[in-house]
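# Coordinate inspection notes
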Amino acid sequence: MQRLPEARLVGWLLKASIRDQPWQWAVATLSIALGLALAVSIYLVNQSAVEAMNRAVKTLAGEAQAQLLPRHDSRQGFSDQVLDELLAHRDRLGLKDASPVVKGRIRQVDILGIDLFRAASVTRSLLPSAEEAGLLDLLNEDTVFLSQAALDSLGKDPKDSISFESLTGRVEIRIAGRLTNADPTAVGVMDIATAQRLFGRLNQLDRIDLSLRQGQSIQAFNDALQSLAMEHSALSG
């Protein structure tokens, strides 16, 4: 008697079983499909819940939920008109608010130029404590707020002055106060217009901090950006 190859034998038995019990096989196949669909649904719901929780935590902590970054050369940044485009399409993007940021350095300290009023709704953690000084000091052209690590690094105290060489020449700025909510790193913040002038970033931004509307995901935001032909991408903050 000629023996059938194992694969052909299994195939022959499977076909025979399906032919004899089609409804049982249909129910089994449907059950498997429903099980897979349920597993995928649970995964997506969990991912959505985790993302929503992360957004809530960042909102309470005063941190950006996401950041818009240049897609190509991060050193060049992008035009500040990108901010206007984002705000003009905020409904389509699911955008709650956006805060522009310019980056530079004073000696060994990283400096962020921010818009006081927009940062207040997107990245409150970058704002100086009201106990340290008036927030309006951040609008002055000759002031900077530093973290404690930055003060220690420079050997300075609040109300001291810092002299440094900028693209506009020798500059002296006053330390208006301390950043009490910032990460424990050497960082400072100043008015964005002053930062653009001192660091040669006129009409340029290095990133845009984002606050998304409830229910909007970063992936959906990026998809909306592509549909608007905006060549930038948002990453989790």
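Up top you'll find the structure we're talking about.
Now for a description of the structure that goes with this document. It should be emphasised that the depicted structure is a prediction, and the values quoted were computed from it without experimental measurement. (Residues numbered from 1 in each chain as written. Predicted model: local features only at pLDDT ≥ 70, side-chain atom pairs only at ≥ 80, totals over all residues. Heavy atoms only, no water.)

Each helix and strand in the protein chain was counted, giving eight helices and 11 strands. Working note: accessible area of the protein chain is about 14000 Å², and carbon and sulfur atoms make up 55% of it. (Helix = DSSP H or I, 4+ residues; strand = E, 2+ residues; numbered from the N terminus. Areas by Shrake-Rupley, 256 points an atom, 1.4 Å probe, with all protein chains shown as cover.)

So, about the nonpolar core. Counting 40 residues, the largest nonpolar core has Leu86, Leu146, Ile208, Leu210 and Phe221 as the members making the most contacts within it. Those residues within four positions of Leu210 in sequence are excluded, and the remaining contacts are Ala64, Gln65, Ala66, Gln67, Leu68, Leu86, Leu95, Asp97, Ala98, Val122, Phe221 and Ala234. Ile114, Leu126, Ala176 and Leu179 belong to the second largest nonpolar core, which has 13 residues in total. (Core = buried A, V, L, I, M, F, W, Y, C linked by side-chain atoms within 4.5 Å. Buried < 20%, exposed > 50% of the residue type's maximum accessible area, 1.4 Å probe, protein only. Contact = heavy atoms within 4.5 Å.)

It is worth spelling out unusual backbone geometry at this point. Of note, Asn203 is a non-glycine position whose phi angle comes to about 65°, a positive value. Positionally, Asn203 belongs in the loop between helix H7 (192-198) and strand E9 (204-205). For Asn203, a relative accessible area of 52% puts it in the exposed group. Although it is not a glycine, Ala229 sits at a positive phi angle of roughly 60°. With respect to the element layout, Ala229 can be found in the loop between helix H8 (218-227) and strand E11 (232-236).

Moving on to helix H3 (residues 81-88). When we look at burial in H3, the residues that qualify are Val82, Leu83, Leu86 and Leu87. For H3, the angular spread of the buried residues around the axis is 135°, confining them to a single face. In H3, those exposed residues whose orientation departs by more than 90 degrees from the buried face are Gln81, Asp84 and Ala88. (Arc of directions from axis to C-beta.)

Attention now goes to the pattern of salt bridges. Under the counting rule described, the total for this entry stands at six salt bridges. The closest approach of N and O atoms between Arg213 and Asp91, which form a salt bridge, is 2.7 Å. Residue Arg213 is found in the loop between strand E10 (207-212) and H8, and its partner Asp91 is found in helix H4 (residues 90-93); the two are separated by 122 residues along the sequence. Taking the relative accessible area as the measure of exposure, Arg213 reaches 32% and is therefore partly exposed. Arg207 serves as the salt-bridge partner of Asp209, at 2.8 Å between the closest nitrogen and oxygen. Of the two residues, Asp209 and Arg207, both sit in the buried class. (Salt bridge = Lys/Arg side-chain N within 4 Å of Asp/Glu carboxyl O.)

A few words now on the environment of Lys96. Note on placement: Lys96 falls in strand E3 (residues 95-106). Setting aside its immediate chain neighbours within four residues, Lys96 contacts Arg90, Ser211, Leu212 and Arg213.

Turning to H8, a few remarks are in order. Where H8 is concerned, the buried positions are Ile218, Phe221, Asn222, Ala224 and Leu225. Viewed end-on, H8 has its buried residues packed into an arc of 160°, placing them on one side of the element. Set apart from the buried face of H8 by more than 90 degrees, the exposed residues are Gln219 and Gln226. With its phi angle positive at about 60°, Ala229 sits one or two positions after the end of H8.

Okay, the environment of Gly188 next. Relative to the helices and strands, Gly188 resides in strand E8 (residues 187-191). By relative accessible area, which is 0% here, Gly188 ends up buried. Residues Gly188 and Leu146 lie 42 residues apart in sequence; the distance between their C-alpha atoms is 4.2 Å. Among residues more than four places away in sequence, those in contact with Gly188 are Val109, Asp110, Ile111, Leu112, Phe145, Leu146 and Leu179.

Now for the pairing of strand E7 (residues 169-179). Bridging between strand E5 (residues 143-147) and E7 involves five bridges; their strand directions are parallel. Bridge pairing in E7 links Val144 to Ile175. Pairing geometry for strand E6 (residues 161-166) and E7, over six bridges, is antiparallel. Directly across from Ser166, in E7, lies its bridge partner Gly169. A loop of two residues connects E6 with E7, the two strands running antiparallel in sequence. (Pairing = 2+ DSSP bridges.)

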